[in-house]
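Close look at the chain arrangement
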Amino acid sequence: MEEESMEEEGGSSSSYEAMMDDQNHNNWEAGVDGYRQQQQQHPAGHAQAPLGDRALRLPADRKGHRGQQQEEEEEEAQMVPEANGLMKGCDSAGAAGKGGAVAAAIINTSTSKFLMNVITIEDYKNTYWPKLDSAIDQLLTQSPGDYIPISYEQIYSCVYKCVCQQHSEQMYSDLIKKITNHLERVSKELQASPPDLYIERFNIALGQYMGALQSIVPLFIYMNKFYIETKLNRDLKDDLIKLFTEHVAEKHIYSLMPLLLEAQSTPFQITPSTMANIVKGLYTLRPEWVQMAPALFSKFIPNILPPAVESELQEYAAQDQKLQRELMQNGFTRGDQSRKRAGEELTYTGGDDIISQVYEGVTLQQGEE
């Protein structure tokens, strides 16, 4: 019966063990394990009989000797097991009752400690979210290669605790609102940019945001796994990319694309790396935008245009010639084509001729000396 009562008490405490943090969990396990070990050392089936029963079974010649009975009583009291210093000198039934009281005290202590660690909605708003808000601000505004003085372990721990305390929905809502406000500010800054800086600033905003996602998404991976993927059937990275598409790219695509086409027609008006980053980024945000300028996207993304056909080879050659003329008009010359490149004779000459030419050169040099 004592073992069954212990199993029931262990089952009733399982709900607390699933929720309490590592420290309280270890304290609970240590207390219960100590009690179980004592019960195993002195199981109920092998406990000594009560004092009255043993007195009835004493031999007849010993019943009349009160001194010996008194000694038996003292030995009996010493043989009763202890439990945390509270059960000494009691019989087995009393030991079971007080053992249950000790287990109940352990449960009450662990429960009180757990309740002290509960994160209320006020705790989340006043303590945990401000830490996350500050870290997100730094990640969104950092430049590539900058060092951010934040503790990623601390931020991950905040996210983990908030998810365990059922604040995932509120935290996801705050994260989306935070990033949306940031992107709206970025969009307003781009609208105020002059045309000659518009492309470069859009490239900086796009690269900065995509770089920030590489840190933000891993920090919120626990929320993504146990809330966004499970309950919303979405992915955090896809949601955050969609935010940039809706609040920045869609508002500027019709102003950005004509500038990109103009820059394409003027070689090196912007650096090739900037053009490649923007075109690839737009394709990642929304592949349908390829239809706005297929020729531009095809220069940086493969398999955009249909495969080449033999009947259009002349057209391809004409396009290459046009590009060469444009480069020459902008100061790029082809150089002197009358002279052969150094070493070209050796490239197309047989091995024997090479040896003979080297031998003749050495002979002439020795004759001059």
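So, here is what we can say about the structure in this document. In this numbering scheme, every chain counts its residues from 1 along its sequence in written order. Two thresholds apply to this predicted model, a pLDDT of at least 70 for residue-level local features and 80 or more for giving and counting side-chain atom pairs, whereas whole-chain, interface and lining totals are computed over all residues. Just so you know, side-chain values use all the structure's heavy atoms and leave hydrogens and water out.

Some details on the overall build of the protein chain
To qualify as a helix, a DSSP run of H or I must reach at least 4 residues; to qualify as a strand, a run of E must reach at least 2; elements of each kind are numbered from the N terminus. Counting its regular elements, the protein chain contains 17 helices and zero strands. Throughout, exposure labels follow a simple rule: accessible area from a 1.4 Å probe, protein chains only, divided by the maximum for the residue type, with under 20% read as buried, over 50% as exposed, and the rest as partly exposed. Looking at the protein chain as a whole, 30% of its 369 residues qualify as buried. We call two residues contacting when some pair of their heavy atoms lies within 4.5 Å. Once local pairs closer than 6 in sequence are excluded, the contacts in the protein chain between residues at least 24 apart make up 66%. Surface accessibility follows the Shrake-Rupley procedure with a 1.4 Å probe radius. Residue values consider only the protein chains on display as shielding. Surface summary for the protein chain: the accessible area is close to 24,300 Å², and the carbon and sulfur share equals 51%.

A closer look at the pattern of salt bridges
When a carboxyl oxygen of Asp or Glu is within 4 Å of a side-chain nitrogen of Lys or Arg, the pair counts as a salt bridge. Across all of its chains, the model carries six salt bridges by this definition. Where Lys178 meets Asp137, a salt bridge forms, and the shortest distance between an N and an O atom there is 2.7 Å. Of this pair, Lys178 sits in helix H9 (residues 168-191) while Asp137 sits in helix H7 (residues 121-141), placing them 41 residues apart in sequence. By relative accessible area, Asp137 is classed as partly exposed at 28%. The partner of Glu246 in a salt bridge is Lys242, and the shortest N-O contact between them spans 3.9 Å.

Some points on the environment of Tyr283
Topologically, Tyr283 is positioned in helix H13 (residues 272-285). In this structure Tyr283 comes out as partly exposed when scored by relative accessible area, which is 31%. Sequence-distant contacts of Tyr283, defined by excluding residues within four places in its chain, comprise Val290, Phe297, Ile301 and Ile304.

Digging into the nonpolar core
Judged by nonpolar contacts, the single largest core of 65 residues is most densely connected at Phe220, Met223, Leu240 and Leu282. Listing elements by their share of this core, those giving two or more residues are H7, helix H8 (152-164), H9, helix H10 (195-219), helix H11 (221-232), helix H12 (236-265), H13 and helix H14 (294-298). In this structure Met223 touches Val159, Val163, Ser168, Met171, Tyr172, Leu175 and Ile228, once residues within four positions along its chain are discounted. To qualify as a nonpolar core, a set must consist of buried Ala, Val, Leu, Ile, Met, Phe, Trp, Tyr and Cys residues joined through side-chain atoms within 4.5 Å.

Some words on the packing of H7 against H8
To describe two helices that pack against each other, one gives the angle between their axes and the distance between the axes. For helices, the axis comes from a line fit to the C-alpha atoms of the stretch in contact; other axes are also lines fit to C-alpha atoms, and the angle between any two N-to-C directions lies between 0 and 180 degrees. Packing of H7 against H8 leaves a shortest axis separation of 10 Å and a crossing angle of 135°. Of the possible angle classes, the one that applies to H7 and H8 is oblique. Crossing angle aside, the handedness with which H7 passes H8 is left-handed. Across from Tyr124, Tyr128, Lys131, Leu132, Ala135 and Leu139 in H7, the residues of H8 making contact are Tyr152, Gln154, Ile155, Cys158, Val159, Lys161 and Cys162. Convention used here: angles under 35 degrees read as roughly parallel, angles over 145 as roughly antiparallel, angles from 65 to 115 as roughly perpendicular, and any remaining angle as oblique. Here a crossing is called left-handed whenever its near helix is offset anticlockwise from the far helix by less than a right angle, and right-handed whenever the offset is clockwise.

Some points on a nonpolar patch on the surface
There is a patch of nonpolar side chains on the surface, built from Tyr156, Tyr160 and Ile221 and spanning about 280 Å² of accessible area. By the secondary structure assignment, Ile221 is in helix H11. Residues form patches when they are more than 30% accessible in relative terms and have no salt bridge. Like charges link within 9 Å. Nonpolar side chains (Val, Leu, Ile, Met, Phe, Trp, Tyr) link within 5 Å.

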